[in-house]
Amino acid sequence: MSTFEKVVEILVEAKDLEAGNITETSTWDDLGLDSLDTVELVMSVEDAFGVSLEMDETMQTVGDVVKAIEALK
Amino acid sequence: MSFCILGTGSALPSRIITNDDLSQMVDTSDEWIRTRTGITERRVCTTETITDLAFQAAQKALADSGSSADELDLIICATISADYATPSMACTLQMQLGATCPAFDLNAACTGFIYALDVAAGYFSRRPDQKILVVAAEAMSRLVDWQDRGTCVLFGDGAGAAVLGKGEDLLAIQIGAKGNITSLYAPNGWGNSPFRSETMAKSYLHMDGQEVFRFAVTSMVQTVEQVLAEANLTKEDIAYLIPHQANIRILDSAVNRLNLPQEKCLTNIAKRGNTSAACVAILLDEANQTGKFKKGDLLAMTAFGGGLTTGACILRWSK
Ligand SMILES: CC(C)(COP(=O)(O)OP(=O)(O)OC[C@H]1O[C@@H](n2cnc3c(N)ncnc32)[C@H](O)[C@@H]1OP(=O)(O)O)[C@@H](O)C(=O)NCCC(=O)NCCS
């Protein structure tokens, strides 16, 4: 499974989103996620990938998170 | 090491502050507060003191347990917002109730009620046949900065109490601490000491919301799993989870991670807000008074808070 697919899986599982609606360019706003949802996403990503991630202004889209994970792996 | 719960009680201030009321005071909205926290209103002390509420909660718990104050062997109050630095809230209650037993306060912030149950368990292991009154009471309205929208919308005031007696219903309990003075803290004032040179941060409650959020979710999941394992139980055995009420989003996330059905998680945050140590005690009493528990139900309690402290326990309901 690619990093992107895994992140999508996490979002679908935790936030009841439709996998088909999530793309690399989806912003949190597009997906209807607020700042606490992104905090939860970071927690799940850290558990799933065994990395330690900081959510900051540079992470605006699903693709940004995927890139950050790949840089840490 | 164990005890049973003989009775519970709780008391709230009469003044209700809605999200719309807060929107008149700080730059916030009902929509933001509801979606980010699940809170719609909270109770705040006006003319009543927190000692008054602690006293009312204690009297109700004594009545519910069929005990009188002179039967008490110990009073423990969990609070970070008592009316006096000294005497302790517990000593004040002892006087008001007409009890004659030892009495002291304990500070474990929002985990205070569970810390107090653990301390009580120690006394019961020394002498199983006795009665202990545990009260958790907080006037968070005296600690929060009413100009800081990031904290004042979250908290409320209230008191909860339980009378503990001889029994074997505490199946597992764990408390923990991870000392930290940056994520969640409220400095004491320096009075008017002419010798103190350094100025301290304001005596309000300060909080790194997202860091506390993460700590909260992680610790709720871990502590519940730990006490379940200690009691040799699985989550299917649990009738209800009685968690600290800090934010509905914390509860949703933790319940999801624990794989518990949502309806097993009791909550009153919508109308109470976060009453710190009192949350779990009030929630327990409200569920008891509405007849939610059946004899034999297994309850999991969990809390986290300033310290940083954590705690959880499994309690069999036998009333
Ligand atoms: C406090 C909490 C609700 C804040 O949610 P959050 O998503 O982390 O919010 P942030 O602090 O990132 O703020 C997001 C935005 O909302 C704003 N905001 C904060 N409080 C607000 C309020 N009451 N009304 C409107 N906007 C508010 C912030 O200023 C920020 O605006 P900006 O993006 O323009 O800077 C959340 O972090 C939380 O509940 N944490 C746990 C706290 C806790 O449990 N404490 C007690 C432990 S016992």
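Because the structure is predicted, anything quoted here is derived from the model rather than measured.

Colleague: Is there a simple way to think about the environment of Ile314 of chain B in this case?
Modeller: Residues and elements named next belong to chain B. Secondary-structure assignment places Ile314 in strand E13 (residues 309-316). As for Ile314 and Ala300, which are separated by 14 residues in sequence, their C-alpha atoms are 4.6 Å apart. Every residue in contact with Ile314, bar those within four places of it in the chain, is listed here: Asp169, Leu170, Leu171, Ala172, Val227, Leu228, Ala231, Leu233, Ile238, Leu299 and Ala300.

Colleague: So what exactly am I meant to see when it comes to the nonpolar core here?
Modeller: As a rule of thumb, soluble globular proteins bury nonpolar side chains together. In this structure, Leu241, Ile250, Phe304 and Ile314 of chain B are the most contacted members of the largest nonpolar core, which totals 47 residues. Elements with a contribution of two residues or more to this core: helix H2 (35-49) of chain A together with helix H7 (209-230), helix H8 (248-258), strand E12 (298-305) and E13 of chain B. Sorting elements by how many residues they give to this core places H7 of chain B first, with 10 residues. The two domains that each donate at least three residues to this core are domain 1 (4-168) and domain 2 (172-316) of chain B. Apart from residues no more than four positions distant in its own chain, Phe304 of chain B is found in contact with Cys110, Thr111, Phe215, Ala216, Ser219, Met220, His244, Ala246, Ile250, Thr309 and Thr310 of chain B. In this structure, Leu106, Phe113, Ala120 and Ile132 of chain B belong to the second largest nonpolar core, which totals 39 residues.

Colleague: Sorry, what's going on with the domain arrangement of chain B here?
Modeller: Residues and elements named next belong to chain B. Segmentation of chain B into domains returns domain 1 (4-168) and domain 2 (172-316). The C-alpha centroid of domain 2 is placed 14 Å from the C-alpha centroid of domain 1. Domain 1 puts 45 residues into the contact, and the matching count from domain 2 is 44 residues. On the domain 1 side of the interface with domain 2, the three residues burying the most area are Cys110, Ile114 and Tyr115, jointly 18% of the side's total. The tally of links between domain 1 and domain 2 comes to 0 salt bridges. Among the secondary structure elements, those contributing two or more residues to the side of domain 1 that touches domain 2 are strand E1 (4-11), helix H2 (30-37), strand E3 (41-44), helix H5 (112-126), strand E6 (132-139), helix H6 (149-152) and strand E7 (157-165).

Colleague: Quick question: what am I supposed to make of the site of the ligand here?
Modeller: The immediate surroundings of the ligand are formed by 25 residues, with Ser35 of chain A together with Thr28, Arg149, Gly209 and Asn247 of chain B found nearest. Lying at an intersection of chains, the ligand is approached by residues of chains A and B. One of the side-chain N or O atoms of Ser35 of chain A is found 2.4 Å from an oxygen atom in the ligand. Within the side chain of Gln210 of chain B, a nitrogen or oxygen atom sits 3.0 Å from an oxygen atom of the ligand. Burial of the ligand by the protein chains amounts to 74% of its free accessible area of 970 Å². Contributions of two or more residues to the shell around the ligand are made by H2 of chain A together with H2, H6, H7 and E12 of chain B. If one sorts the elements of the shell around the ligand by residue count, H7 of chain B sits on top with 4 residues. Taken together, the residues that form the shell around the ligand break down as 12 nonpolar, 10 polar and 3 charged. Two domains each put at least three residues into the shell around the ligand: domain 1 (4-168) and domain 2 (172-316) of chain B.

Colleague: Where do I start with H2 of chain B in this structure?
Modeller: Each full turn of the α-helix corresponds to 3.6 residues, which orients residues three or four apart in the same direction. Those residues of H2 of chain B that sit buried are Ile33, Arg36 and Thr37 of chain B. Within H2 of chain B, the buried residues cover an arc of 85° as seen down the axis, which keeps them to one side. Contact partners of the buried residues in H2 of chain B: H2 of chain A together with helix H1 (19-23), E3, H8 and helix H9 (269-272) of chain B. Following H2 of chain B by one or two positions, Gly38 of chain B adopts a phi angle in the positive range, close to 80°.

Colleague: Whenever I open this one, a negative patch on the surface confuses me. Can you help?
Modeller: Negative charge collects at one region of the surface, where Glu54, Asp56 and Glu57 of chain A together with Asp208 and Glu211 of chain B lie side by side. Structurally, the position occupied by Glu54 of chain A is in the loop between H2 and helix H3 (62-72). Assessed through its relative accessible area of 64%, Glu54 of chain A is described here as exposed.

Colleague: I would appreciate a short explanation of helix H10 (residues 278-289) of chain B in the present structure.
Modeller: Residues and elements named next belong to chain B. An ideal rise of 1.5 Å per residue puts 16 Å on 12 residues; H10 measures up with 16 Å between its terminal C-alpha atoms. Of all the residues in H10, the buried ones are Ala278, Cys279, Val280, Ala281, Ile282, Leu283, Leu284, Asp285, Ala287 and Asn288. Once H10 finishes, Gly291 follows within two positions and takes phi at roughly 70°, a positive value.

Colleague: Honestly, empty space enclosed by the protein in this entry has me stumped. Any pointers?
Modeller: Under the defined criterion, the tally for this structure stands at 2 cavities of 30 Å³ or more. The space that makes up the largest cavity amounts to roughly 40 Å³. As for the largest cavity, its lining consists of Ile10, Leu11, Ala14, Lys15, Asp37, Glu40, Leu41 and Ser44 of chain A together with Arg257 of chain B. A breakdown of the residues in the lining of the largest cavity according to their chemical character gives 4 nonpolar, 1 polar and 4 charged. Looking at the second largest cavity, its volume works out to about 30 Å³.

Colleague: Looking at this structure, how should I read the interface of chain B and chain A?
Modeller: Where the parts come together, the accessible area they lose is often given as the size of the interface. Of the residues lining the interface, 11 residues belong to chain B; the matching set on chain A comes to 14 residues. When the buried area of chain B at its contact with chain A is split by residue, Arg214, Arg249 and Arg257 of chain B rank highest and sum to 47% of it. Counting the contacts that link chain B with chain A gives 5 salt bridges. Here Asp37 of chain A and Arg249 of chain B are joined by a salt bridge, their closest N and O atoms 2.9 Å apart. For the interface between chain B and chain A, the tally reads 9 residue pairs in polar contact (both at pLDDT 80 or more). Looking at the side of chain B that touches chain A, the elements that each hand over two or more residues are H7 and H8 of chain B. In terms of residue count, the dominant contributor to the side of chain B that touches chain A is H7 of chain B (5 residues). In terms of residue class, the side of chain B that touches chain A is made up of 2 nonpolar, 5 polar and 4 charged.

Conventions adopted
Residues numbered from 1 in each chain as written. Chains lettered and ligands numbered in written order. Predicted model: local features only at pLDDT ≥ 70, side-chain atom pairs only at ≥ 80, totals over all residues. Heavy atoms only, no water. Helix = DSSP H or I, 4+ residues; strand = E, 2+ residues; numbered from the N terminus. Contact = heavy atoms within 4.5 Å. Core = buried A, V, L, I, M, F, W, Y, C linked by side-chain atoms within 4.5 Å. Buried < 20%, exposed > 50% of the residue type's maximum accessible area, 1.4 Å probe, protein only. Domains from an automatic or database assignment. Buried area = accessible area lost by both parts, 1.4 Å probe. Salt bridge = Lys/Arg side-chain N within 4 Å of Asp/Glu carboxyl O. Near = heavy atom within 4 Å. Polar contact = N/O pair within 3.5 Å; in protein donor to acceptor, adjacent residues only side chain to side chain. Areas by Shrake-Rupley, 256 points an atom, 1.4 Å probe, with all protein chains shown as cover. Nonpolar A, V, L, I, M, F, W, Y, C, P; charged D, E, K, R; others polar. Arc of directions from axis to C-beta. Patch = residues over 30% accessible without salt bridge, like charges linked within 9 Å, V, L, I, M, F, W, Y side chains within 5 Å. Lys, Arg positive; Asp, Glu negative; His and termini not counted. Charge placed at Lys NZ, Arg CZ, Asp CG, Glu CD. Expected span 1.5 Å × (residues − 1). 1 Å grid on protein atoms, 1.4 Å probe; cavity = no way out; pocket = protein on both sides within 12 Å on 5 of 7 lines; lining within 4 Å. Points joined across faces, edges and corners; volume = space filled by probe spheres on them.

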